[in-house]
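So the chains spell out like this:
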Amino acid sequence: TFPFTVYRGIIPEYFRSFPLHWHDEFELIYCVKGRVLVTVWGQTYTLCAEDLAVVLPRAVHSIDQCGSETGQYFNIMFHPTLFRGPEDDPCYEKYILPFLNGEKTLECFHPTGSPFNQAVTPCILSMLEHRRDSFSTHELLMKSCLFLLLHHMNQQSTAANADSLPQLSYGRLKDALYYVQHFYDQEITVTTAARRCGFSESHFMKLFREFTGMSFNAYLVNYRL
């Protein structure tokens, strides 16, 4: 009923990496100490303390250890339905749907000191401070922070390029990632994964390695671990 949550992550204490995946929520990754690697649509960014990454809904992304360094960060995740009002809500259609249908995009990496980072950091720190109370006594504060965050996201957004190479080339691989996320405990073959994406096995394996840097079977084993 309140699709918002905050996770704390420590790499490598909790895990060395969170493999490529995607979901319907918006996600903010806020580094608080050390360094972590965040990859979105095949582009890797190094986050240091107070750097921010914004992951739009359905974007393929991962989080990894930066060399042998330790990194601490928070994930702030919220579903678009949090902003939905009555039927035919003009604000939802004007400001949310363009992010969901690919008409609008936003730069992923916002280092400390950048305009967007400075604008939204007070919202982020407030959500982190009250994260344990977000479902009990601070729902209105969380929603107010998220609406202000969304305002700044729209201010910084640009029209999406319809010919965006990463999304055109790799978007169909999301079906294979989704399949692994939900059925990793069952037998999964390259043939099955390629068929779900509508590729031949050879083209699927080539594209998958280009996108992830590893074979599909290696990704599957890594995800299971």
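One can find the structure itself at the top, above this paragraph.
First things first, this report covers the structure right here in the doc. All of these numbers come straight from a predicted model, not from anything done at the bench. (Residues numbered from 1 in each chain as written. Predicted model: local features only at pLDDT ≥ 70, side-chain atom pairs only at ≥ 80, totals over all residues. Heavy atoms only, no water.)

If you tally the helices and strands in the chain, you get eight helices and eleven strands. Its C-alpha atoms give the chain a radius of gyration of 18 Å, near enough to 17 Å, the size a compact globule of 225 residues would have. Overall size of the chain, expressed as C-alpha extent along the three principal axes, is 50 × 45 × 35 Å. Here the chain holds 225 residues, and the buried ones make up 47% of them. Taking all contacts inside the chain whose residues are at least 6 apart in sequence as the whole, residues at least 24 apart take part in 74%. Summing over all exposed atoms, the chain offers an accessible surface of approximately 11,700 Å²; the carbon and sulfur share of this is 51%. Each charge sign in the chain was given a centre, from 18 positive and 23 negative side chains, and these centres are 5 Å apart. (Helix = DSSP H or I, 4+ residues; strand = E, 2+ residues; numbered from the N terminus. Rg over C-alpha atoms; globule rule 2.2 N^0.38 Å. Buried < 20%, exposed > 50% of the residue type's maximum accessible area, 1.4 Å probe, protein only. Contact = heavy atoms within 4.5 Å. Areas by Shrake-Rupley, 256 points an atom, 1.4 Å probe, with all protein chains shown as cover. Lys, Arg positive; Asp, Glu negative; His and termini not counted. Charge placed at Lys NZ, Arg CZ, Asp CG, Glu CD.)

A few words on the nonpolar core. Residues Ile29, Val40, Leu47, Leu173, Phe204 and Phe216 are the most contacted members of the largest nonpolar core, which totals 38 residues. Looking at this core, the elements that each hand over two or more residues are strand S3 (26–34), strand S4 (36–40), strand S5 (43–47), strand S6 (52–55), helix H5 (174–183), helix H6 (190–197), helix H7 (201–212) and helix H8 (216–224). Among all residues touching Phe216, those that are not within four sequence positions of it are Ala176, Val180, Ile188, Thr189, Val190, Ala193, Phe204 and Phe208. If you look at the next biggest cluster of nonpolar residues, it comprises 31 residues, including Leu52, Phe99, Met142 and Leu150. (Core = buried A, V, L, I, M, F, W, Y, C linked by side-chain atoms within 4.5 Å.)

What follows concerns unusual backbone geometry. For residues that are not glycine, phi is negative in most cases, and the peptide bond is trans in most cases. Between Ile11 and the following residue, Pro12, the backbone shows a cis peptide bond with an omega angle of 5°. Within the secondary structure, Pro12 is located in the loop between strand S1 (4–11) and strand S2 (17–21). Phi is positive for Glu50, close to 75°, though the residue is something other than glycine. For Glu50, a relative accessible area of 44% puts it in the partly exposed group. Of note, Arg58 is a non-glycine position whose phi angle comes to about 70°, a positive value. Relative to the assigned elements, Arg58 resides in the loop between S6 and strand S7 (61–65).

As a further point, take the sheet that holds S6. With antiparallel pairing, five strands are arranged side by side in an open sheet as S1-S8-S3-S6-S10. Two strands in the sheet have a free side with no partner beyond their single neighbour: S1 and strand S10 (109–110). Here S3 pairs with strand S8 (residues 71–78) via eight bridges, running antiparallel. Looking across to S8, one finds that Leu28 is bridged to Ile76. (Pairing = 2+ DSSP bridges.)

Glancing now at the layout of surface pockets. Within this model, the second largest pocket holds a volume of roughly 310 Å³. Lining of the second largest pocket is provided by 16 residues; of these, Tyr7, Phe18, His21, Glu27 and Met77 occupy positions nearest its centre. Breaking the lining of the second largest pocket down by element, the ones donating at least two residues are S1, S2 and S8. Residues that form the lining of the second largest pocket fall into these classes: eight nonpolar, five polar and three charged. (1 Å grid on protein atoms, 1.4 Å probe; cavity = no way out; pocket = protein on both sides within 12 Å on 5 of 7 lines; lining within 4 Å. Points joined across faces, edges and corners; volume = space filled by probe spheres on them. Nonpolar A, V, L, I, M, F, W, Y, C, P; charged D, E, K, R; others polar.)

This brings us to the packing of aromatic side chains. Overall, the coordinates contain 17 aromatic pairs when judged by the stated rule. Judged by centre distance (5.5 Å) and plane angle (65°), the ring pair of Phe204 and Phe216 falls under edge-to-face. Linking Phe204 in helix H7 with Phe216 in helix H8, this pair joins segments that are twelve residues apart in sequence. These aromatic residues form a ring-pair network of at least three members: Tyr184, Phe204, Phe208, Phe216, Tyr219 and Tyr223. (Phe/Tyr/Trp six-rings, centres within 6.5 Å; stacked < 30°, edge-to-face > 60°.)

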